[in-house]
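Residue-level structure breakdown
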Amino acid sequence: MLRSPGQPFGLYVHVPFCVTRCGYCDFNTYTPAELGGVNPDAWLLALRTELELAAARLDAPTLNTVFVGGGTPSLLGGERLATLLRMVRDCFSLEPDAEITTEANPESTWPEFFDAIRAAGYTRVSLGMQSVAPRVLATLDRVHSPGRAAAAAREAMDAGFEHVNLDLIYGTPGESDDDLLRSVDAAIHAGVDHVSAYALVVEEGTALARRVRRGELTVPDDDVLARRYGLADVALSAAGLSWYEVSNWARPGGECRHNLGYWGGGQWWGAGPGAHGYVGATRWWNVKHPNAYAELLAGATLPVAGFEQLGADTRHTEDVLLKIRLRQGLPMSRLDSAERERAEGVLADGLLATEGDRLVLTDRGRLLADAVVRTLLG
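What this report covers is the structure whose coordinates are included nearby. (Residues numbered from 1 in each chain as written. Predicted model: local features only at pLDDT ≥ 70, side-chain atom pairs only at ≥ 80, totals over all residues. Heavy atoms only, no water.)

1. Comments concerning the pairing of strand S10 (residues 276-279)
Our working definition: Should DSSP find at least two bridges between two strands, the strands are regarded as paired. In this text, helices come from DSSP runs of H or I with a minimum length of four residues, and strands from runs of E with a minimum of two, each type numbered from the N-terminal end.
In this structure, S10 lies alongside strand S11 (residues 282-286), joined through four bridges in antiparallel fashion. In the strand pairing of S11, Val 279 is matched with Thr 282. As consecutive antiparallel partners, S10 and S11 are separated by two residues, and within that stretch Gly 280 has a phi angle of approximately 60°, a positive value.

2. Considerations on the environment of His 194
Threshold: We call two N or O atoms a polar contact when they sit within 3.5 Å, provided that within protein one can donate a hydrogen and the other can accept it, with sequence-adjacent residues counted only if both atoms are side-chain atoms.
By secondary structure assignment, the location of His 194 is in strand S6 (residues 194-199). Distance from His 194 to Ser 126, taken between C-alpha atoms, is 8.8 Å for residues 68 residues apart in sequence. At 2.6 Å, the side chain of His 194 forms a polar contact with the side chain of Asn 165. At 2.6 Å, the side chain of His 194 forms a polar contact with the side chain of Tyr 244.

3. Focus on the nonpolar core
Formally: Side-chain atoms within 4.5 Å are what join buried Ala, Val, Leu, Ile, Met, Phe, Trp, Tyr and Cys residues into a set we call a nonpolar core. For the exposure calls, accessible area comes from a 1.4 Å probe over protein chains only, and a residue counts as buried if that area is under 20% of its type's maximum, exposed if over 50%, partly exposed in between. Boundary definitions for the domains trace back to an automatic or database domain assignment. Whether two residues are in contact is decided by their heavy atoms: any pair within 4.5 Å suffices.
Among the nonpolar cores identified, the biggest contains 90 residues, and Trp 43, Leu 47, Leu 84, Val 88 and Phe 114 are the most heavily contacted of them. With eight residues, helix H2 (residues 40-58) is the largest single contributor of residues to this core. When residues are assigned to domains, this core turns out to be shared by domain 1 (9-264) and domain 2 (312-377), each giving three or more. Contacts of Leu 47, omitting those with residues within four sequence positions, involve Val 13, Leu 84, Met 87, Ala 271, Gly 272 and Tyr 293. Phe 67, Ala 275, Tyr 278 and Leu 310 belong to the second-largest nonpolar core, a separate cluster that totals 11 residues.

4. Remarks on the pairing of strand S5 (residues 163-170)
What counts here: The handedness rule is simple: strands pointing away from the viewer, and a clockwise path from the first strand over the helix to the second, make the crossover right-handed.
Buried residues dominate S5, accounting for seven of its eight residues. In this structure, strand S4 (residues 124-130) lies alongside S5, joined through six bridges in parallel fashion. Pairing of Arg 124 across the sheet is with His 163, part of S5. Between the parallel pair S5 and S6, the chain is carried across by helix H7 (residues 177-190), and the sense of this crossover is right-handed.

Structure representation (structure tokens):
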């Protein structure tokens, strides 16, 4: 498998464990009752084998970033997360300033946990906050108390983490503008250097989708979502957190380098059940269930469920789709003559602006980013 030279290379590790399944979540996660034979220790053994196979396949690239996501990585505890990072270091070289992130749920963290993972070498923590409104947390089936996420963020910073992210969700059925503003305010006052805010997507097959379909809950319309986004943006910007991607705000230097790798066309190996990777022109995805994942790796077989070769047209579409969402914008040179002509119309509509040779979304354009992409690509 050939890597493209001169691009950052990252590692994503998917932890499939959760205590309960949140009603809105369609990620590849499993509760203890759904797992059968695979526990965290057995999963770590299988993961080590995948990392060894990956390093051999790739000729042991140097990693710029490592991101441990899920699921609920913090359920592994500090000792296992330290073991995981040691395994990564055994198989790969890391840049001296590599960004090493783990996601965490507030209810499964405590001061000693943050001390342990900071000592192990993690440099960044991303905490699922969602909201401080009890009714919103209840609708989302989140089990942490309203103030726990901000408290966990302060514990992480006390442990020496300079980079801490709080994830917010807006547009939950029953949420008010004030609910969102109080959540944003709590994130700001926690002192973190990064906040993500995503509109709730009601995914088919989830418990939340079934409740909406039965008429128990009403999803806010697009105008409400746009207003909530604007409220969050104004508050975060006033507090010194600037948008650098449509759904992400950071203080200078607080941007998530791993995600910037995704958005900027970088490459990464995806390890763990259901993880996706992208190397050269190949995208692949692993088998989803931890039992099947462990069984394949017990036979020293990469746990790949499928793959695709991305042609030039697909890579161009994704390049436009991802780069237009960034504050630095999309270089005009990435567009062909027909796309540049269509860009003139979007500029006239006030959804894009030019900064040098780049096309950058305006405030109104950020609300319609997907429509901008469709127009550019024709």
